[in-house]
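# Structural overview
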Amino acid sequence: MKEDHWLSWCCIYVLLCNNLVYCEGSCRKIVFLETKEDAALQNHLIRTIAPSASEHFCRVQCFLENACVSYNYGQETCQLNNSTAAEHPLDLKAKPNFIYRGIENSCSSMPCLNHGTCQSGFDPHGYRCFCTAGFTGTQCDKDIDECASSKSNPCQNGGTCINELGAFQCQCREGFIGARCETVVSECASYFTLNASDRNEDYRGRTKCDNKLETKWYRFQGQAGRKLATTCPQIHRCNTDIPGWMKGKHPNVEDGKVQRQVCFHGYNKCCFRSTTIDVRNCGAYFVYRLNKLSYCNSRYCGTG
């Protein structure tokens, strides 16, 4: 009892020395449990203080370190831990000439949700939570709606904000990309449109060829489809003998500009011929830097 009384006065003295006099609502109050002789908690170390003047000094340091909920002391060495033997009994190991002491840890029940960080010993709940981005509340249980206010809309350049659990997503206008629609991409704003119905992979025919197509950025729209086909079309589709399709999946916005192989189905081979193109995800659509084809009849086919 005398020891705990001494600790209280010692902590008050230390707090005063650090000008932390007013602490209503954030003052730490912890209760140390009985010591365990010749033992130390392993694998949960915050920091080591050596030399440490005494066990009392070590206890004060644990009080002042908000993440500390137990300590090991021995051989003039103080080890502060961020967990206790109550949560990790197998980590309490025999260690001669050391003592282990934990506190009544209000964080042992893991009250902080959504990966929030818990600190024990703070009023009014006996703990406090530091929430990860996107969450708030006493237990980090409330999702922050980043899109709630038009004034605080995180999406730039007219992007539409869509709230998600612990996050948000920006749906960008044409010509803009990025997590907040902050990047202007020339090919997303300036491209040529391929919208003829006979360019769709479902169109039956075999008369056309892309041998006069200029090497530029293109977007599939309208009856041609929404994007370049990604599965091997049947021959004599999209109004050509040897229809073209893209191998591999379309990129995400964050992938930037990527290269993909376009194969052309002919002579019973899905990849009878091939060429390499550039592809970019512009958020609401894809653009492709297509090359002029030197062999006919071959054509890039749309889908969707």
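Structure's up top.
Right, let's walk through the structure included here. Small disclaimer: the values here were computed from a predicted structure and weren't measured.

### A word on the overall build of the protein
Along the backbone of the protein there are three helices and 22 strands. For 304 residues, the compact-globule estimate of 2.2 N^0.38 gives 19 Å, and the C-alpha radius of gyration of the protein, at 33 Å, exceeds that figure by more than 25%. Oriented by its inertia axes, the alpha-carbon framework of the protein measures out at about 100 × 45 × 30 Å. Across the 304 residues that make up the protein, the buried fraction comes to 43%. Partitioning the contacts of the protein with sequence separation of at least 6, the portion at a separation of at least 24 is 57%. Entry remark: accessible area of the protein is about 17000 Å², with carbon and sulfur atoms responsible for 49%. Both charge centroids of the protein, one from 34 positive and one from 30 negative side chains, sit 14 Å from each other.

### A closer look at the nonpolar core
By size, the foremost hydrophobic cluster in this structure holds 19 residues, and its most contacted members are Leu 228, Ile 277, Tyr 288, Leu 290 and Tyr 300. Going through the elements one at a time, strand E15 (216-220), strand E17 (242-246), strand E18 (258-266), strand E19 (269-281) and strand E20 (286-290) are the ones with two or more residues in this core. Listed in part, the 14 residues of the second largest apolar core include Phe 32, Cys 58, Cys 62 and Ile 103.

### Here we look at the side chain of Thr 84
Of note, Thr 84 is situated in the loop between strand E4 (77-81) and strand E5 (92-102). Take Thr 84: its relative accessible area is 3%, and that puts it in the buried class.

### Focus: the pattern of salt bridges
Applying the stated criterion across every chain, the model contains nine salt bridges. Among the ionic pairs, Lys 29 bridges to Asp 123, the shortest N-O distance being 3.2 Å. Linking Lys 29 in the loop between helix H1 (2-17) and strand E1 (36-41) with Asp 123 in the loop between strand E6 (117-120) and strand E7 (127-130), this pair joins segments that are 94 residues apart in sequence. The salt bridge involving Arg 59 is made with Glu 55; its shortest N-O contact spans 3.3 Å. With Arg 59 and Glu 55 both in helix H2 (residues 55-64) and four residues apart, the pair spans about one turn of that helix. On the basis of relative accessibility, which here comes to 1%, the residue Arg 59 falls in the buried class. Through salt bridges that share partners, Asp 198, Lys 208 and Arg 299 make up one connected network.

### Overview of the state of the cysteines
One pass over the structure, following the stated rule, counts 13 disulfides. Between the sulfur atoms of Cys 62 and its disulfide mate Cys 68 the distance is 2.1 Å. Between Cys 62 and Cys 68 the sulfur-sulfur dihedral comes to about -95°; the bridge is accordingly left-handed.

### Points about the environment of Tyr 267
With respect to the helices and strands, Tyr 267 occurs in the loop between E18 and E19. The spacing of Tyr 267 and Ile 242 is 25 residues in sequence and 8.5 Å in space, taken between C-alpha atoms.

### Section: the sheet that holds strand E2 (residues 45-49)
Here we have five strands laid out as an open sheet, ordered E1-E5-E3-E4-E2, and antiparallel in their pairing. In this open sheet, the two strands that pair with only one neighbour each are E1 and E2. Geometrically, the sheet is characterised by an average inter-axis angle of 40° between neighbouring strands, direction not taken into account. Summarising the sheet, strand E3 (residues 70-74) and E4 pair through five bridges and their orientation is antiparallel. Residue pairing in the sheet places Asn 72 in a bridge with Gln 79 of E4.

### A short note on unusual backbone geometry
Here the bond from Ala 50 into Pro 51 is cis, since omega is -5°, no more than 30 degrees from zero. Among the secondary structure elements, Pro 51 is positioned in the loop between E2 and H2. Here the residue pair Asp 123 and Pro 124 is connected by a cis peptide bond, since its omega of 0° sits within 30 degrees of zero. With respect to the helices, strands and loops of the structure, Pro 124 is situated in the loop between E6 and E7. Positioned with a positive phi, Asn 97 is a non-glycine residue whose angle comes to about 70°.

### A closer look at the pairing of E6
Bridge analysis of E6 against E7 gives four bridges, and the strand direction is antiparallel. Pairing of Thr 117 across the sheet is with Phe 130, part of E7. Following E6, the chain reverses through six residues before pairing antiparallel with E7; Gly 121 in that reversal takes a positive phi of roughly 100°.

### Overview of the environment of His 44
Tracing the chain through its elements places His 44 in the loop between E1 and E2. C-alpha of His 44 to C-alpha of His 88: the two residues are 44 residues apart in sequence and 9.4 Å apart in space. If we skip the residues at most four places from it in the chain, His 44 touches Leu 80, Asn 81, Asn 82, Ser 83, His 88 and Asp 91.

### So, the sheet that holds E18
Taken in spatial order, the seven strands of this open sheet run E14-E15-E20-E19-E18-E17-E21, and their pairing is mixed. Of all the strands in the sheet, just strand E14 (192-194) and strand E21 (298-300) have a single pairing partner and so form its edges. Neighbour to neighbour, the strand axes of the sheet diverge by 40° on average, direction disregarded. Bridging between E17 and E18 involves three bridges; their strand directions are antiparallel. Across the sheet, the residue bridging to Gly 244 is Phe 264, located in E18.

The rules behind each value
- Residues numbered from 1 in each chain as written.
- Predicted model: local features only at pLDDT ≥ 70, side-chain atom pairs only at ≥ 80, totals over all residues.
- Heavy atoms only, no water.
- Helix = DSSP H or I, 4+ residues; strand = E, 2+ residues; numbered from the N terminus.
- Rg over C-alpha atoms; globule rule 2.2 N^0.38 Å.
- Buried < 20%, exposed > 50% of the residue type's maximum accessible area, 1.4 Å probe, protein only.
- Contact = heavy atoms within 4.5 Å.
- Areas by Shrake-Rupley, 256 points an atom, 1.4 Å probe, with all protein chains shown as cover.
- Lys, Arg positive; Asp, Glu negative; His and termini not counted.
- Charge placed at Lys NZ, Arg CZ, Asp CG, Glu CD.
- Core = buried A, V, L, I, M, F, W, Y, C linked by side-chain atoms within 4.5 Å.
- Salt bridge = Lys/Arg side-chain N within 4 Å of Asp/Glu carboxyl O.
- Disulfide = S-S within 2.5 Å.
- Pairing = 2+ DSSP bridges.
- Axes fitted to C-alpha atoms, helices over the stretch in contact; angles between N-to-C directions.

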